Amino acid sequence: MAVKEIIPNIYMVGGDGISHPDDCCVYLLDGGGEWALIDAGSGKDDERLGANIAGKIKNNKELKYLIATHGHIDHIGGLNTLLAAFPNAKLVAHQQEIPAIEQGVTSLTAADWYGVSYSGIKIDHLLKQQHEEIVCGPMRINFLHTPGHTRGSISPYLDWMGKRILFGQDIHGPFNKDWGSDINQWHKSMKKLLELNADILCEGHYGIIKPAKRVREFILGFINQYS
């Protein structure tokens, strides 16, 4: 399967069927000379994922941000390779994911589940507040701290071309005490996502969900499942 355009300037460049089957869904945002990448896959086939990204970004210095939504290996395994390939990119993640992303604590990354070796890497832009924002060209990318799946899970979203696009990675769970999962916090986080009234959901493993009615039904379905 080829790279998928979700809406003009926003693409799905990784995930099962596009890159390695163990990769999460990876999303690329084109801010017109400035780009942002959401998550980095498992690291099991960085060459294929990197080629998908490079097929869109012709100048490797134009990737401004690489956003890690949380510290599980299927989302961060490719960080070292991709940040070496795109040297100007700043790694963005929540401060509560430092033990996973920077220190590579295996119980937090779940690297052994995937048979992957991971070396920690420094986060350049630490998110510390409940709601923060960065600018990528004309795009204003918002970050909500949405703990539950992990302590430092974040949910980026932006308003673009009259649509609200939510990158709600791993809304579906799962949950494990070793990762710091908290189902009560997760329920509160999901209510925040419902309040966004997103038109398009770009999920971590379920791919693209739209329109707004289906997004709401998808989130509510998992809220009910874990009630």
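Use the structure listed above.
Residues numbered from 1 in each chain as written. Predicted model: local features only at pLDDT ≥ 70, side-chain atom pairs only at ≥ 80, totals over all residues. Heavy atoms only, no water.

Colleague: Can you explain the overall build of the protein? Please cite residues and give values.
Modeller: Check the secondary structure of the protein and you find 8 helices and 13 strands. Its C-alpha radius of gyration of 16 Å places the protein within 12% of the 17 Å reference for a compact globule of 227 residues. Each of the three principal axes of the protein carries a C-alpha extent, and together these read 45 × 40 × 35 Å. Within the protein, buried positions represent 55% of all 227 residues. Within the protein, contacts between residues at least 6 apart in sequence are counted, and of these 63% link residues at least 24 apart. As displayed, the protein offers around 9600 Å² of accessible surface, 47% of which is attributable to carbon and sulfur atoms. Within the protein, the 26 negative side-chain charges are centred at a point lying 5 Å from the centre of the 22 positive side-chain charges. (Helix = DSSP H or I, 4+ residues; strand = E, 2+ residues; numbered from the N terminus. Rg over C-alpha atoms; globule rule 2.2 N^0.38 Å. Buried < 20%, exposed > 50% of the residue type's maximum accessible area, 1.4 Å probe, protein only. Contact = heavy atoms within 4.5 Å. Areas by Shrake-Rupley, 256 points an atom, 1.4 Å probe, with all protein chains shown as cover. Lys, Arg positive; Asp, Glu negative; His and termini not counted. Charge placed at Lys NZ, Arg CZ, Asp CG, Glu CD.)

Colleague: Which residues make up the sheet that holds strand β10 (residues 154-160), and what are the values?
Modeller: The sheet built from 6 strands is open, its strands ordered β8-β9-β10-β11-β12-β13 with mixed pairing. Two strands lie at the open edges of the sheet, namely β8 (131-136) and β13 (207-209), each paired on one side alone. Between one strand axis and the next, the sheet turns by 20° as a mean value, whatever way the strands run. Where strand β11 (residues 163-166) meets strand β12 (residues 200-203), 2 bridges bridge the pair, whose relative direction is parallel. Along β12, the bridge assignment pairs Ile-165 with Ile-200. (Pairing = 2+ DSSP bridges. Axes fitted to C-alpha atoms, helices over the stretch in contact; angles between N-to-C directions.)

Colleague: Lay out the pairing of β8 in plain terms, naming residues and giving numbers.
Modeller: Where burial is concerned, the two faces of β8 differ: the one with Glu-132, Ile-134 and Cys-136 is buried and the one with His-131, Glu-133 and Val-135 is not. Pairing analysis gives 6 bridges linking β8 to strand β9 (residues 139-145), with the strands arranged antiparallel. For Glu-132, the partnering residue across the bridge sits in β9 and is Phe-143. With antiparallel pairing between neighbouring strands as the criterion, β8 and β9 make up a hairpin whose turn holds 2 residues, including Gly-137 at a positive phi of roughly 60°.

Colleague: Describe in detail the environment of Asn-52, supporting the description with residues and values.
Modeller: Assignment of secondary structure puts Asn-52 in helix α1 (residues 46-54). Put simply, Asn-52 and Ala-2 are 50 residues apart on the chain and 8.2 Å apart in space, counted from C-alpha to C-alpha. When sequence neighbours within four positions are dropped, the list of residues in contact with Asn-52 reads Val-3, Val-13, Ile-18 and Ser-19. A polar side-chain atom of Asn-52 sits 3.3 Å from the main-chain carbonyl oxygen of Ile-18. (Polar contact = N/O pair within 3.5 Å; in protein donor to acceptor, adjacent residues only side chain to side chain.)

Colleague: Describe helix α7 (residues 183-196), with residues and values.
Modeller: Working note: α-helix, 3.6 residues per turn, so residues spaced by three or four point in the same direction. Over its 14 residues, α7 runs 20 Å from end to end, which matches the ideal 20 Å to within 8%, given 1.5 Å per residue. Turning to α7, its buried residues are Trp-186, His-187, Ser-189, Met-190, Leu-193, Leu-194 and Leu-196. Around the axis of α7, the buried residues are gathered within 165° of arc, so they sit on the same side. Of the exposed residues in α7, the ones pointing more than 90 degrees away from its buried face are Asn-184, Lys-188, Lys-191 and Glu-195. Its buried side turned inward, α7 meets β9, β10, β11 and α8 (212-225). (Expected span 1.5 Å × (residues − 1). Arc of directions from axis to C-beta.)

Colleague: Tell me about the sheet that holds strand β6 (residues 90-94), residues and numbers included.
Modeller: Strand order in the open sheet formed by 7 strands is β1-β2-β3-β4-β5-β6-β7, and the pairing between neighbours is mixed. Each edge of the open sheet is held by one strand with a lone partner, namely β1 (4-7) and β7 (125-127). Pairwise comparison of adjacent strand axes, ignoring direction, gives a mean angle of 25° for this sheet.

Colleague: Could you give an account of the nonpolar core, with specific residues and numbers?
Modeller: One finds Leu-28, Leu-37, Ile-53, Leu-79, Leu-91 and Ile-101 to be the most contacted residues of the largest nonpolar core, which totals 29 residues. Looking at which element gives the most residues to this core, the answer is helix α3 (residues 79-85), with 3 residues. Among the nonpolar cores identified, the runner-up in size contains 26 residues, and Phe-143, Leu-158, Trp-160 and Cys-202 belong to it. (Core = buried A, V, L, I, M, F, W, Y, C linked by side-chain atoms within 4.5 Å.)

Colleague: Can you break down the side chain of Asn-142 residue by residue, with the values?
Modeller: By the element assignment, Asn-142 lies in strand β9. Given a relative accessible area of 11%, Asn-142 falls into the buried group. At 3.1 Å, the side chain of Asn-142 and the side chain of His-131 are in polar contact. If we skip the residues at most four places from it in the chain, Asn-142 touches His-131, Glu-132, Glu-133, Ser-155, Pro-156 and Tyr-157.

Colleague: I'd like to hear about the environment of His-125, residue by residue, with values.
Modeller: Position of His-125 relative to the elements: it lies in strand β7. With a relative accessible area of 29%, His-125 lands in the partly exposed category. It is 26 Å that separates the C-alpha atoms of His-125 and Gly-55, two residues lying 70 residues apart in sequence. Residues in contact with His-125, not counting those within four places in the same chain, are Leu-91, Val-92, Ala-93, Glu-132 and Ile-134.

Note that all results are geometric; they support no functional claim without further evidence.
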